[in-house]
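This is what each chain is made of:
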Amino acid sequence: MDKPDREFIEALFLEYRESLRHYVSRMLPGGYQEADVILQETYVKLLGLKSLQPLRESPRAYLYTVATNLVRDSLRRHMRRKVDQHESFEERDHVSREPSPQGSAEWQQSLQQLKQALLRLKPLTRKVFLLSRFEEMTYPEIAAALSLSTRSVERHMSTALKHLQSELNELL
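Rules and cut-offs
Residues numbered from 1 in each chain as written. Predicted model: local features only at pLDDT ≥ 70, side-chain atom pairs only at ≥ 80, totals over all residues. Heavy atoms only, no water. pLDDT = per-residue confidence, 0-100. Helix = DSSP H or I, 4+ residues; strand = E, 2+ residues; numbered from the N terminus. Buried < 20%, exposed > 50% of the residue type's maximum accessible area, 1.4 Å probe, protein only. Contact = heavy atoms within 4.5 Å. Expected span 1.5 Å × (residues − 1). Bend = angle between axes of the 7 residues up to and from the residue. Phe/Tyr/Trp six-rings, centres within 6.5 Å; stacked < 30°, edge-to-face > 60°. Core = buried A, V, L, I, M, F, W, Y, C linked by side-chain atoms within 4.5 Å. Salt bridge = Lys/Arg side-chain N within 4 Å of Asp/Glu carboxyl O.

A. Highlighting the confidence of the model for the chain. On average, residues of the chain score 86 in pLDDT, and 89% of them reach the 70 mark or higher. When mean pLDDT is compared element by element in the chain, helix α7 (residues 139–146) scores highest at 93, while helix α5 (residues 101–119) scores lowest at 84.

Okay, here's the thing in structure tokens:
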């Protein structure tokens, strides 16, 4: 590019620089800071032109068209970066280990029903059941602890299980 062409581009660019900067800044999320980058790119594009004919015929329109196209390119790059950084949120990948309020309420209600059903058992049958299921004692251990026969422990457990099954049928 010869010196007169370069001087023409510089003069034209300086003439429209502020209005072009303001125009471009309104289209970009980064405002004037990003607009300055676009203005630099616009200037470089103008310096790289093979023919200055379109610039000489309609300088303002040509400058604004080049700048607008560069803004579009910048916004596309910006959007691509956002999409590349986007992480998918899949419910199944982020399941809470904490019970939901509804699940917690249902659990509390079920526990209350179990407690009530256990309280309706005869004291000895309830004791046998609790030692077996919650203390994890074997039938012979329960028999020895309560001075019962193993057969009696089996009968108490059978009674407790039948009772709880009928009482808590809707929970099971």
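Don't stop here, the text continues.
B. Structural context of the environment of L70. Along the chain, the position of L70 falls in helix α4 (residues 59–85). Residue L70 is classed as buried on the basis of its relative accessible area of 7%. As for L70 and I38, which are separated by 32 residues in sequence, their C-alpha atoms are 6.5 Å apart. Here L70 is in contact with I38, E41, T42 and K45, once residues within four sequence places are set aside.

C. Structural context of the side chain of S74. Topologically, S74 is positioned in helix α4. A residue is classified by how much of its surface remains accessible, and S74, at 10% relative accessible area, is buried. Apart from residues no more than four positions distant in its own chain, S74 is found in contact with L28, E34 and I38.

D. Structural context of helix α1 (residues 3–25). With 23 residues, α1 should cover 33 Å at 1.5 Å per step; its first-to-last C-alpha distance of 31 Å lies within 8% of that length. The principal kink in α1, of about 55 degrees, is found at R17. Taken together, the buried positions of α1 are I9, L12, F13, Y16, L20, R21, V24 and S25.

E. View of the packing of aromatic side chains. Scanning all chains against the criterion turns up three aromatic pairs. Aromatic side chains F13 and Y43 sit 5.0 Å apart centroid to centroid with 50 degrees between the ring planes, which places their arrangement in the tilted category. Note that F13 is positioned in helix α1 and Y43 in helix α2 (residues 31–47), a separation of 30 residues in sequence. Centre to centre, the rings of F129 and F134 are 6.4 Å apart; their planes meet at 70 degrees, and the pair counts as edge-to-face.

F. Representation of unusual backbone geometry. Even without being a glycine, E136 presents a positive backbone phi close to 55 degrees. Residue S147 is not a glycine yet carries a positive backbone phi of 55 degrees. As for its position among the elements, S147 is in the loop between α7 and α8 (150–167).

G. Spotlight on the nonpolar core. Counting 19 residues, the largest nonpolar core has L20, V24, I38, L46, L55 and L63 as its most contacted members. Put simply, the parts of the chain that give this core at least two residues each are α1, α2 and α4. If sequence neighbours within four positions are ignored, L55 has contacts with F8, I9, L12, L46, L49 and Y62. The next biggest cluster of nonpolar side chains, apart from the first, holds 13 residues, and it includes A117, V128, F129 and M157.

H. Up close: the side chain of H163. Mapped onto the elements, H163 comes out in helix α8. On the basis of relative accessible area, H163 is assigned to the buried category, the value being 17%. In this structure H163 touches A117, R120 and L121, once residues within four positions along its chain are discounted.

I. Structural context of the pattern of salt bridges. Using the criterion set out here, one finds seven salt bridges in the structure. For R76, the salt bridge is made with D73, and the minimal N-O distance between the two is 2.9 Å. One end of the pair, R76, and the other, D73, are both in helix α4, three residues apart, so they sit about a helical turn from each other. When the shortest N-O distance is used, the salt bridge between R120 and E167 registers 2.5 Å. A residue pair is termed long-range when its members are at least 10 positions apart, and R120 in the loop between α5 and α6 (123–133) and E167 in helix α8 qualify at 47 residues. Relative accessible area serves as the criterion here: at 28%, E167 is assigned to the partly exposed category.

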